[in-house]
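If you want the building blocks of each chain, they are given just below.
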Amino acid sequence: MNRPSVVIIGGGLSGLTLHYLLRKDGFDSVILEARDRVGGRIVTAKDDKGASIDLGATWLGPAHKRLQALMNELKVAPFEQHMGEKAIYEPNSMTSHQIVTLPAGQQPSWRIRGGTSALIQALCNNVGAGRIHTGQQVRKISEKNDKLLVVTETAEFGADIVVSTLPPKLLWECVTFEPELPKDISEIMSTTHTWMGESIKFGLSYDHPFWREKESTGTVFSNAGPITEMYDHSDIGGSHAALIGFLNSSYVSLTRDQRLEKILSQLRSYYGERTDSYRNYFELVWANEPFTYSPYDRHLLPHHNNGHEIYHMPLFDGTFFMAGAETSSISPGYMDGAVRSSERVFKQIKEQF
């Protein structure tokens, strides 16, 4: 029996993992990616001395078994996140920050050597040249002559199977379907929270990790802001010193320079003037990423409708599937959920063909 042709929409972790699984099993598959790069919500910046700054997905934990299995298969190595024993804590804007002791016995978290994009590169190295088409924003999916026709702004692609790995809200907002999707599915898609969508993530690289000195720390939890969380982001062994953190999402309207100054002002209160000796500053405002985020018309709680069972049922007589971190019932919104969703769809396709 001939294997069906598969078009995968989205070249993030879910799309690349599915492409990898399909190609390894002999399926004819291609990826259509709207950006001029692959990786989706995995973005690793490099400073002028080679420090890796993860501005998207960063951490994995002991429960993320399927992600770990994929990394082992691709020989992508993790290392433990440096937390230290203490954290800087600010309960509110009226109270000075304090150094607190972190609870003992916390489960470890890990990062990926060389930055999270090392996983993306490993997947790309294993899927074959010419099978990933960037700059292809999908606008329409329709049934035509017992196939699905995927229309981008510049081309058309016919396929037996189509898999979307886009955030469901973005898919619902930006892609037209003929025939239209059922109303119950459209309602769920339109009210599914998009992981990272409101996040503002920043990174600062330094020559030395001065925050590792006694009675200091790179771990910050603040209810005052603008930094709400921050962590040591130095490479393994403490080389290429760096900090990364998250800003309150209300700072989306500021300019890059304005956000940087507010970050430095907050860090000066912890570390003094050494804060200003940074080498490079990076940031990514995910709400400004049109191929990730589409604004909601109502307030949604984090992970709302993530993992909904409706995402696990193929449409158009078993020819259209949805994968992606938000569709996974386990680890929804995380890298592990992205991998699990791809494994689920791969299994569904294999069972049909």
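Everything discussed here concerns the structure shown above.
Here we summarise the structure given alongside this text. Residue indices follow the written sequence of each chain, beginning from 1 at its first position. Note on the predicted model: pLDDT of at least 70 is required for a residue's local features to be given, and 80 or more for side-chain atom pairs to be given and counted; whole-chain, interface and lining totals, by contrast, use all residues. Each side-chain value is worked out from all heavy atoms of the structure, with water and hydrogens disregarded.

## Points about the nonpolar core
Here is the rule we go by: By nonpolar core is meant a set of buried Ala, Val, Leu, Ile, Met, Phe, Trp, Tyr and Cys residues that side-chain atoms within 4.5 Å join together. Partly exposed residues are those whose accessible area sits between 20% and 50% of the maximum for their type, while under 20% is buried and over 50% is exposed, using a 1.4 Å probe and protein chains only. Under the DSSP-based scheme used, a helix requires at least four consecutive residues in state H or I and a strand at least two consecutive residues in state E, with every element numbered from the N terminus. We call two residues in contact whenever any of their non-hydrogen atoms come within 4.5 Å of each other.
Grouped together as the largest cluster of nonpolar side chains are 46 residues, with contacts concentrated most on Leu13, Leu22, Leu74, Leu119, Val163 and Ile349. Of all the secondary-structure elements, those providing two or more residues to this core are strand 1 (5–9), helix 1 (13–24), helix 2 (65–74), helix 3 (117–124), strand 13 (161–164), strand 18 (242–247), strand 19 (280–285) and helix 7 (335–352). Residues contacting valine 163, with those up to four places away along its chain left out, are Val6, Val7, Ile8, Ile9, Leu18, Phe321, Ala323, Val345 and Ile349. Val150, Ala159, Ile188 and Leu315 belong to the second-largest nonpolar core, a separate cluster that totals 25 residues.

## Details of the sheet that holds strand 1
Applied cut-off: A pair of strands is labelled paired if DSSP reports no fewer than 2 bridges between them. Here the axes come from fitting lines to C-alpha atoms, over the contacting stretch only for helices, and the angles between their N-to-C directions go from 0 to 180 degrees.
Strand order in the open sheet formed by 5 strands is 9-2-1-13-20, with parallel pairing between adjacent strands. On the outer flanks of this sheet lie strand 9 (132–133) and strand 20 (320–322), each paired with one strand and no other. Here strand 2 (residues 28–32) pairs with strand 9 via 2 bridges, running parallel. Bridging from a neighbouring strand, leucine 32 pairs with histidine 133 of strand 9. Strand contacts of helix 1: strand 1, strand 2, strand 9 and strand 13, with the helix running at about 165° to strand 2, the strand carrying the most contacts.

## Some thoughts on helix 1
To be explicit about the condition: To estimate the expected span of a helix, subtract one from its residue number and multiply by 1.5 Å.
With 12 residues, helix 1 should cover 16 Å at 1.5 Å per step; its first-to-last C-alpha distance of 16 Å lies within 8% of that length. A large share of helix 1 lies buried, amounting to 10 of its 12 residues. All of the buried residues along helix 1 are Leu13, Ser14, Gly15, Leu16, Thr17, Leu18, His19, Tyr20, Leu21 and Leu22. Of the residues trailing helix 1, glycine 26 is marked for its positive phi of about 95°.

## So, helix 6 (residues 256–271)
As a reminder of what qualifies: Each C-beta atom gives one direction from the helix axis, and the arc is the one those directions make.
Here helix 6 is 16 residues long and its end C-alpha atoms lie 22 Å apart, about the 22 Å a rise of 1.5 Å per residue gives. Taken together, the buried positions of helix 6 are occupied by Arg259, Leu260, Ile263, Leu264, Gln266, Leu267, Tyr270 and Tyr271. Projected onto a plane normal to the axis of helix 6, the buried residues spread over an arc of 165° and lie on a single side. Residues of helix 6 that are buried sit in contact with strand 6 (86–90), strand 15 (200–205), strand 16 (220–222), strand 17 (227–232), strand 18 and strand 19. Of the residues one or two after helix 6, glycine 272 is the one with positive phi, at around 80°.

## Quick look at the pattern of salt bridges
Here is the rule we go by: We define a salt bridge as a side-chain nitrogen of Lys or Arg found within 4 Å of a carboxyl oxygen belonging to Asp or Glu.
Overall, the coordinates contain 22 salt bridges when judged by the stated rule. Where arginine 212 meets aspartate 232, a salt bridge forms, and the shortest distance between an N and an O atom there is 2.7 Å. On the criterion of sequence distance, the pair formed by arginine 212 in the loop between strand 15 and strand 16 and aspartate 232 in strand 17 is long-range, its members being 20 residues apart. Here the salt bridges do not stand alone but share partners, grouping Asp47, Asp48, Lys49, Asp207 and Arg279 into one network.

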